[in-house]
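Chains, contacts and geometry: an overview
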Amino acid sequence: MSAERSIHRTRPRPGLDAERVRADFPLLAQQVHGMPLAYLDNAATTQKPRQVIEEIERYYREYNANIHRGVHTLSMRATEAYERARSRAAQFINATSAQEIVFVRGTTEAINLVAQSWGRSRLQAGDEILISAMEHHSNIVPWQILCGQTGARLRVIPINDAGELIIEEYERMLGERTRLVAVGHISNALGTINPLDRIIELARQRGARTLIDGAQAAAHTRVDVQALGCDFYAFSGHKLYGPTGIGVLYGREALLEEMPPYQGGGDMIKVVTFERTEYNDLPYKFEAGTPHIAGGIGLGAAIDYVERLGLDEIAAYEQELLAYATEAARAIKGLRLIGTAAHKGAILSFVLEGIHPHDIGTILDHQGIAIRSGHHCAMPVMERFGVPATARASFAAYNTPVEVDRLIRGVEAVKKVFS
Ligand code: 7TS
């Protein structure tokens, strides 16, 4: 590796110690194809620290029971742990109270919940929903379904060649009929960090509701829903060093209060007769059936974990990694970065002239380097940039400059294979 390029060799800095973070993640200590694993697919899902794994194991070993219904000790312990996780999630994003935290399967379910509960009960023919041209399919398709059901219209805010939302266009598109603005906090395909303050402020001036898809943000930057002033914010546990199958929908209490349930069943009711049903209080009104109890508890542990590392420290460290990787990638001839916004999260999406991204992914895998190749569930973004797919390296707190060096050398090797 080139020592002169390595940021940590030359400049030890306070803040996050990635080597110490790595030591918490048992999975990272393995070899793939005889090489140390360099896991650079964190935008798809992150690995789990032992603190999370052990918390989930403790639940199953020591106090597995259904929640909210038993007076026995195990059920009360499980309920307490699950509800503590909800309170941690509320603090984590600075919600006003735990009642504003609805546990869902993930970002996808959170957005579908808002579309079907809030949207279906409120939108009419001719109403408009604004999304951006860089959205993940999860923040496109639920709105298309809603538009089909209500006659509302989906409109798309364009992005520039760097992959930045064009604010002037957005301002022009906002109008009388705009009911909702739904945009990503950080783009999974481009890395763009959207200017949420401005986006939300403009929407509020027009009386439109706002939903933020925070799937790529929660593990990488501090989120404060009150400071943002958004109506809804969604994120997934598994991209935050937590388990799959659990995520959070934050909604402003007054809005959640007005919304009808999303699904019917146990736990979301107070009284049921065959004639009518009285729904439970927030947030339980939206949580029908036995939830992912272990998942909720694991997510609570994951939040504790990232809070201990410090969101500001994580963000600063990942920005260094990104700057380092971007500079090295730019020096590779024939490499085109897809997504060059001024403000970016730690995502490096690229194509190599004449080489399919799947081939890049496969050759890197043989060197123990895990990246993602494909359309990243953002097909309209690929179309916008005129590529069928990209190769994408996405970083987390446990990645190191040495891994960036391996990625860069690996990409050079890919070029050699095809030259
Ligand atoms: N929104 C964004 C911006 C995402 O990146 C993803 C997942 C989702 C929503 C959906 O999250 P889920 O947890 O409900 O599945 N993104 C990716 C990715 O980039 N590679 O795999 C999944």
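Note that this is a predicted model, so its numbers are computed, not measured.

The next thing to look at is the nonpolar core. Y170 and Y233 are the most contacted members of the largest nonpolar core, which totals 113 residues. When neighbours within four sequence positions are excluded, Y233 is seen to be in contact with H185, I212, G214, A217, V223, V225, L228, V248, L249 and Y250. The next biggest cluster of nonpolar side chains, apart from the first, holds 27 residues, and it includes A115, F232, A234 and F286.

This next bit is on the packing of helix α3 (residues 50-63) against helix α11 (residues 293-309). It is at 8 Å that the axes of α3 and α11 come closest, and there the two elements cross at 145°. For the element pair α3 and α11, the recorded crossing hand is right-handed. Residues Q51, V52, E55, I56, Y59, Y60 and Y63 of α3 touch α11, and the partners they reach there are I293, A294, I297, G298, A301, A302, Y305 and R308. Here the contact of α3 with α11 is built from residues that sort into 11 nonpolar, 2 polar and 2 charged.

Right, let's get into the sheet that holds strand β16 (residues 372-374). Here 4 strands make up an open sheet; going across it, the order is β13-β14-β17-β16 and the pairing antiparallel. The strands lining the two open edges of the sheet, one partner per strand, are β13 (335-337) and β16. Put simply, the sheet's adjacent strands are angled 30° from each other on average, direction ignored. Relative to strand β14 (residues 347-352), β13 runs antiparallel, the two being bridged by 3 bridges. In the strand pairing of β14, L335 is matched with L352. Relative to the sheet, helix α12 (residues 311-330) contacts β13 and β14, its axis offset from that of β14 by approximately 10°. Relative to the sheet, helix α15 (residues 401-418) contacts β13, β14 and β17 (390-394), its axis offset from that of β14 by approximately 10°.

Further remarks concern the sheet that holds strand β7 (residues 178-184). In any sheet, the strands associate via hydrogen bonds between backbone groups, in a parallel or an antiparallel arrangement. Taken in spatial order, the 7 strands make up an open sheet running β4-β10-β9-β8-β7-β5-β6, and their pairing is mixed. In the strand order of this sheet, the two ends are held by β4 (101-104) and β6 (153-157), each with one partner. In this sheet, adjacent strand axes meet at a mean angle of 20° when their direction is disregarded. Note: β7 against strand β8 (residues 209-213), 5 bridges, orientation parallel. The residue of β8 that forms the bridge with L180 is R209. Each of β4, β7, β8, β9 (232-236) and β10 (247-251) touches helix α5 (residues 107-122); the most contacted strand, β9, lies at about 155° to it.

Below, the discussion takes up the packing of aromatic side chains. Applying the stated criterion across every chain yields a total of 9 aromatic pairs. On the basis of an interplanar angle of 70° and a centroid distance of 5.9 Å, the ring pair of Y241 and Y398 is categorised as edge-to-face. Note that Y241 is positioned in the loop between β9 and β10 and Y398 in the loop between β17 and α15, a separation of 157 residues in sequence. A relative accessible area of 0% places Y241 in the buried class. Through a chain of ring-to-ring contacts, the aromatic side chains of F25, Y241, Y305 and Y398 assemble into a single cluster.

The rules behind these values
Residues numbered from 1 in each chain as written. Predicted model: local features only at pLDDT ≥ 70, side-chain atom pairs only at ≥ 80, totals over all residues. Heavy atoms only, no water. Core = buried A, V, L, I, M, F, W, Y, C linked by side-chain atoms within 4.5 Å. Buried < 20%, exposed > 50% of the residue type's maximum accessible area, 1.4 Å probe, protein only. Contact = heavy atoms within 4.5 Å. Axes fitted to C-alpha atoms, helices over the stretch in contact; angles between N-to-C directions. Helix = DSSP H or I, 4+ residues; strand = E, 2+ residues; numbered from the N terminus. Left-handed = near helix turned anticlockwise from the far one by under 90°. Nonpolar A, V, L, I, M, F, W, Y, C, P; charged D, E, K, R; others polar. Pairing = 2+ DSSP bridges. Phe/Tyr/Trp six-rings, centres within 6.5 Å; stacked < 30°, edge-to-face > 60°.

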